[in-house]
Amino acid sequence: SAPSRVAARTTLGDKSALSRRDFVCFTAALSVAARPASAISTFPPPALGTFRLYLCRHGETEYNRLRLAQGARVDQDLNPTGLLQAQALAKLFRNEPLAAVYSSTLKRAVRTADAVHSEARGPGTAAVRRATTPLLGEIDFGALDGTANAEQAIQATVARWARGDLSARVGADGESGSDVVGRVRGALELIATDLSSAESLGSPGSSVSGPSVVAVAHSAYLRQVLAVACGLPLAVTLALDQRNCCVDVLDVPLEVGGRRKATLLAANRIDHLDGLVSRRHDKAVSALQDSVAMAASAYTSLGF
């Protein structure tokens, strides 16, 4: 995963960089991310016709600790801190009925998802399905993979995607925006199709809530999922942080290809990682709070 950092300052100063709708979505996403997260059990159950998607980032690796770009071409396992984070994430879902646990095929995501699956229980007597798919893999950063100080170049490419140039590739020979958005849509459709079975949804006509699943993936990729699933402009992804073993909570329509969009209930939740987050988390939270305040000020000054 790419080193994560709030980058709102690169776009808010230029009124032409964001449309009014983009700006409203951008500030709304920041506000959701900055809110203290509620316990998972306090969220209302997903409505019929939707599924609850818990998006999780994998635990820490040595590349994360060293702040090296860690894309699809780097297959690092979890370090000792990452293993503890994965255990803490698993405990969070211990009492949450899950239909399935998904992950990318990369070791860091597989190890994290396996920890969650080992603690998970299915709805009723049903077993919890475990599945891996490359559709959930991290973005291919091309020649930037494994290098230091790659964040600016990666975010510059994402900024081009946000302006509509989805043909731009990360690191020249990495993935394009079209590639990534296609994978995101494919992953959402895969999960929705799996959950459309009678085993997941209960018998026809039963008054049950929608099913819940966990999907473990990677920071740069997860930002794109949040934008695509919720119908937000890709510019929003420049400001969303995704910490190791964080949790995003979305309610997603089972008809993914329809007009309805997912509802974002929480983003970057890390309160289950007490004592297991690096010290730079305090700086990240401070930067996020600064960005929210700056967004509110810019909203007025830009005349929206």
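Residues numbered from 1 in each chain as written. Predicted model: local features only at pLDDT ≥ 70, side-chain atom pairs only at ≥ 80, totals over all residues. Heavy atoms only, no water.

1. Concerning the side chain of arginine 108
Tracing the backbone shows arginine 108 in helix H4 (residues 107-119). At 3.4 Å, the side chain of arginine 108 forms a polar contact with the side chain of histidine 58. (Helix = DSSP H or I, 4+ residues; strand = E, 2+ residues; numbered from the N terminus. Polar contact = N/O pair within 3.5 Å; in protein donor to acceptor, adjacent residues only side chain to side chain.)

2. Observations regarding the sheet that holds strand E2 (residues 100-103)
Strand order in the open sheet made by the 6 strands is E3-E2-E4-E1-E5-E6, with mixed pairing throughout. Edge positions in the sheet fall to strand E3 (129-132) and strand E6 (263-269), since each has one partner strand and no second. Looking at each pair of strands side by side, their axes are set apart by 20° on average, direction ignored. Note: strand E1 (residues 50-57) against strand E4 (residues 212-217), 6 bridges, orientation parallel. Note that in E4 the partner of cysteine 56 across the bridge is valine 216. Packed onto the sheet, H4 meets E1, E2, E3 and E4 and runs at close to 170° relative to E2. (Pairing = 2+ DSSP bridges. Axes fitted to C-alpha atoms, helices over the stretch in contact; angles between N-to-C directions. Contact = heavy atoms within 4.5 Å.)

3. Considering the pattern of salt bridges
Considering all chains together, one arrives at 12 salt bridges under this definition. Here aspartate 194 makes a salt bridge to arginine 129, at a shortest N to O gap of 2.9 Å. In this pair, aspartate 194 sits in helix H6 (residues 177-195) while arginine 129 sits in strand E3, placing the two residues 65 residues apart along the sequence. By relative accessible area, aspartate 194 is classed as partly exposed at 23%. (Salt bridge = Lys/Arg side-chain N within 4 Å of Asp/Glu carboxyl O. Buried < 20%, exposed > 50% of the residue type's maximum accessible area, 1.4 Å probe, protein only.)

4. Some points on helix H8 (residues 219-230)
Over its 12 residues, H8 runs 17 Å from end to end, which matches the ideal 16 Å to within 8%, given 1.5 Å per residue. Among the 12 residues that make up H8, 12 are buried, leaving the element largely enclosed by the rest of the structure. When we look at burial in H8, the residues that qualify are Ser219, Ala220, Tyr221, Leu222, Arg223, Gln224, Val225, Leu226, Ala227, Val228, Ala229 and Cys230. At the exit of H8 stands glycine 231, carrying a positive phi of roughly 70°. (Expected span 1.5 Å × (residues − 1).)

5. Things to note about the confidence of the model for the chain
Scored by pLDDT, the chain has a mean of 81; 73% of the residues are at 70 or more. Here residues 3-18 is a poorly scored stretch, pLDDT under 50, and it has 48 contacts once near neighbours within four places are set aside; other chains count. Confidence drops under pLDDT 50 across residues 288-304; counting only partners more than four residues distant or on other chains, this segment forms 30 contacts. (pLDDT = per-residue confidence, 0-100.)

6. Some points on the pairing of strand E5 (residues 247-253)
For E5, the buried fraction is high: 7 of the 7 residues fall into the buried class. Where E1 meets E5, 7 bridges bridge the pair, whose relative direction is antiparallel. Each bridged residue has a counterpart across the sheet, and for cysteine 56 the counterpart in E5 is valine 247. In this sheet, E6 lies alongside E5 in antiparallel orientation, the contact comprising 4 bridges. By the bridge assignment, valine 249 is partnered in E6 with alanine 266.

7. Considering H4
Taking 1.5 Å of rise per residue, the 13 residues of H4 would be expected to cover 18 Å, and the 19 Å separating its terminal C-alpha atoms lies within 8% of that figure. Close packing links the buried residues of H4 with E1, helix H3 (80-92), E2, E3 and E4.

8. Structural notes on the side chain of threonine 133
Take threonine 133: it is sitting in the loop between E3 and helix H5 (151-162). On the basis of relative accessibility, which here comes to 8%, the residue threonine 133 falls in the buried class. Polar side-chain contacts of threonine 133 include one of 3.1 Å to the backbone nitrogen of leucine 135. Apart from residues no more than four positions distant in its own chain, threonine 133 is found in contact with Ser103, Ser104, Thr105 and Leu190.

9. With respect to unusual backbone geometry
In most cases, non-glycine residues show a negative phi, while peptide bonds are predominantly trans. In the Ramachandran plot, alanine 172 falls in the positive-phi region, its phi being about 70° despite a non-glycine side chain. By the element assignment, alanine 172 lies in the loop between H5 and H6. Here cysteine 245, not a glycine, exhibits a phi torsion of approximately 60°, which is positive. Note that cysteine 245 resides in the loop between H8 and E5.

10. Looking at the state of the cysteines
Overall, the coordinates contain 0 disulfides when judged by the stated rule. Of the cysteine sulfurs around cysteine 245, a residue in no disulfide, the closest is that of cysteine 56, at 7.5 Å. With a relative accessible area of 0%, cysteine 245 lands in the buried category. For the unlinked cysteine cysteine 246, the closest cysteine sulfur is that of cysteine 56, found at 7.3 Å. (Disulfide = S-S within 2.5 Å.)

11. Examining the packing of H6 against H8
Viewed as axis vectors pointing N to C, H6 and H8 meet at an angle of 70°, and their least axial separation amounts to 10 Å. With respect to each other, H6 and H8 are oriented roughly perpendicular. The way H6 lies across H8 gives a crossing that is right-handed. Contacts between H6 and H8 involve Val180, Val181, Arg183, Val184, Arg185, Ala187 and Leu188 on the former and, on the latter, Tyr221, Gln224, Val225, Val228 and Ala229. (Parallel < 35°, antiparallel > 145°, perpendicular 65-115°, else oblique. Left-handed = near helix turned anticlockwise from the far one by under 90°.)

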